[in-house]
Amino acid sequence: MKKLFIALFVLLLVACSQNPKGVVEAYYNNLDNGEITEAYKLMSKQLTGQAGEQKIRAMLQEQAKGMQKKGGIVSLATEGEAKGEIGEFTVHIVYKDGTKKDDKVSVTKEADGWKISLR
Amino acid sequence: MNYFSLFSPLFAGFLLLVASDSTPVLRSLIPIETYAQLKSGDLIFRQGSDTASAVVLAGKTKSIYSHVGMIVIKNKAALVIHAVPAETKNEVGGVKLESVDLFTRSDRAVHVAIMRPQYNVGENAAKKALTYIGKPFDAAFNLQDDSALYCTELVARSYLPFNINLYKKLQIVRLPFFNGQFLLPQDIFEQTQLIKVWIG
C-alpha cells in the first residue's frame, strides 16, 4: 500500500512538471506550506544558475514569509496559457486576511519539465 | 621470513593513499602571481559550485557568474567585500569582508573572473562599499533603498556616486511579493566598461 502511495506521489510530481499551469499552482502551494526545497525544484535552471542557490532560497523564504503574514492562501485560480516553450499566467489569490492579489508568473520549458522563470 | 616487515610498507602506502583521497585540498582558484595585480575596487565574479550543474542543465556552455564582490586592499592583504545570505541557521547574512582565498576557494567556486571598471575610481568605490559593512542581506532583492543589500546591488551602489553605472541591464522578475527589477551578476560582467584583469 505504501509503495502504491509513493508511486502515485511520484506520478503526480511528474504530471505536475509536464503541465505549466500545474507548476505555477504547485509553486504557490509549496510556498504556502513553507516547502522551500520543493519550491526551489520548480525554479528555472537558468535563474538558479545565474543567481545561485543560496540567493534563490533566501528569496523563496521571503516569499513564504510574505504569504504567512497574510495568513496563508485561501483560494488560488490560474489563467493563461503556454505557447511553445514559454507560458504566461495570471494567478488570482485570496489570502486569509482578506487581501486579494493578482500575480503575473512566467514559465519556461526545460529539459526536466516546466519551470518558473524570469519573464 | 617476517611477513609483517614485508607487508607493512605496502600497508602504510595504502593508508597514505586512502588518507590523501579522502581529504580534498581546498585552494584558491586564482594563481598566486595574480594577487599582485589586484586593486581596490576590482570586481570579482565567481560561478558557484552550487550553480554549475544548473547552468549545464540550462543548456549553457560558457561560464555564468552567479555572485560578485569587490576587492579591498587593506594593509597589503587582498580582501573581498560582498553581500551574502546566511549559509547556516546560526550565521547572519549580510555585507561582510573576507579573504580572496576564501572567496575563491575550490569548494565555493568553479570559475572566477576579476574585472576593473574604467576611470580609476576603484579606491573611492571600495571606501564607499566599506560603509555598508554589517548591512543585512536583501532577501526581497529591492534595488530602491540601501537598508539591505544583495551582491550586485552592493557593487553597483558603491560605484554609482563615481559616475560608473553598473545598472545598465536589469531583468524584470515577476514572482509573488517580488515584482520588480533584478540586477544579475552576469549582466554586470558583460558590460563593456569593464576591463579584464584575470579570468580562469
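In what follows, the accompanying structure is described. (Residues numbered from 1 in each chain as written. Chains lettered and ligands numbered in written order. Predicted model: local features only at pLDDT ≥ 70, side-chain atom pairs only at ≥ 80, totals over all residues.)

Brief notes about the overall build of chain B
Under the convention used in this document: Think of it this way: any DSSP run of H or I at least four residues long counts as a helix, any run of E at least two long counts as a strand, and we number them from the N terminus. Neighbour density around each residue's C-beta defines its exposure: 20 or more other C-beta atoms within 10 Å make it buried, 12 or fewer make it exposed, and counts between make it partly exposed, where C-beta atoms are placed from the backbone. With C-beta atoms placed from the backbone, a contact is any residue pair whose C-beta atoms sit within 7 Å.
From N to C terminus, chain B includes 6 helices and 8 strands. The order of helices and strands in chain B, counted from the N terminus, is α-β-α-β-β-β-α-β-α-α-β-β-α-β. Burial status across chain B gives 36% buried among its 200 residues. Contacts in chain B between residues at least 24 apart in sequence constitute 71% of all its contacts with a sequence separation of at least 6.

Digging into the interface of chain A and chain B
For clarity, the cut-off: In this classification, the charged set is Asp, Glu, Lys and Arg, the nonpolar set is Ala, Val, Leu, Ile, Met, Phe, Trp, Tyr, Cys and Pro, and all remaining amino acids, among them Gly, are polar.
Taken together, the contacts link 26 residues of chain A with 29 residues of chain B. Elements with a contribution of two residues or more to the side of chain A that touches chain B: α2 (20–32), α4 (45–51), α5 (53–69) and β3 (100–110) of chain A. Per-element accounting of the side of chain A that touches chain B gives the leading share, 9 residues, to α5(A). Its residues assigned to classes, the side of chain A that touches chain B comprises 8 nonpolar, 10 polar and 8 charged.

A word on unusual backbone geometry
Residue and element names in this part refer to chain B. A positive phi is found at N75, a non-glycine position, where the angle reads about 50°. Within the secondary structure layout, N75 lies in the loop between β2 (67–74) and β3 (77–84). A residue is classified by how many C-beta atoms lie within 10 Å of it, and N75, with 5 of them, is exposed. With phi around 65°, N163 is a residue other than glycine that occupies positive phi space. Take N163: it is sitting in the loop between α5 (151–159) and β6 (171–175). Residue N163 is classed as exposed on the basis of its C-beta count, with 8 C-beta atoms lying within 10 Å.

Digging into the sheet that holds strand β8 (residues 194–199) of chain B
All names here are of chain B. Note the following rule: Here a strand pair is declared whenever DSSP counts at least two bridges between the two strands. Structural elements are reduced to axes, namely lines fitted to C-alpha atoms, with helices fitted over the stretch in contact, and the angle between N-to-C directions of any two is expressed from 0 to 180 degrees.
On the basis of which strands lie adjacent, the open sheet formed by 6 strands has the order β4-β3-β2-β1-β5-β8 and antiparallel pairing. Of all strands in the sheet, those bounded by a partner on one side alone are β4 (94–99) and β8. Taken pair by pair, the neighbouring strands of this sheet meet at an average axis angle of 30°, ignoring direction. Pairing between β3 and β4: 6 bridges, direction antiparallel.

Topic: helix α4 (residues 122–130) of chain B
All names here are of chain B. As a reminder, the rule being used: Relevant arc is that of directions from the helix axis to the C-beta atoms, nothing else.
G122, A125, A126 and A129 are the residues of α4 that are buried. Down the axis of α4, the buried side of the element spans an arc of 100°, and every buried residue falls inside it. The inward-facing, buried residues of α4 contact β2, β3, β5 (109–117) and α5.

Here's the deal with the sheet that holds β3(A)
Within a sheet, adjacent strands bond to each other through the backbone by hydrogen bonds, running parallel or antiparallel. Residues and elements named next belong to chain A. Spatially, β1-β2-β3-β4 is the arrangement adopted by the 4 strands of the open sheet, whose pairing is antiparallel. Across the chains shown, the open sheet's two edge strands, defined by having one partner strand only, are β1 (73–83) and β4 (113–117). Strand-to-strand twist in this sheet, taken as the mean axis angle between neighbours without regard to direction, amounts to 30°. Bridge count for β3 against β4 is 5 bridges, and the pairing is antiparallel. If you follow K109 over to β4, its bridge partner there is W114. Sheet contacts for α2: β1, β2 (86–95), β3 and β4; angle to β1, the most-contacted strand, approximately 150°.

Concerning α5(A)
Residue and element names in this part refer to chain A. Condition: Here a helix's expected span is defined as the number of its residues, less one, multiplied by 1.5 Å.
With 17 residues, α5 should cover 24 Å at 1.5 Å per step; its first-to-last C-alpha distance of 24 Å lies within 8% of that length. Considered for burial, the residues of α5 that qualify are K55, I56, A58, M59, L60, Q63, A64 and M67. Remark: G71 follows α5 within two positions and exhibits a positive phi of approximately 90°.

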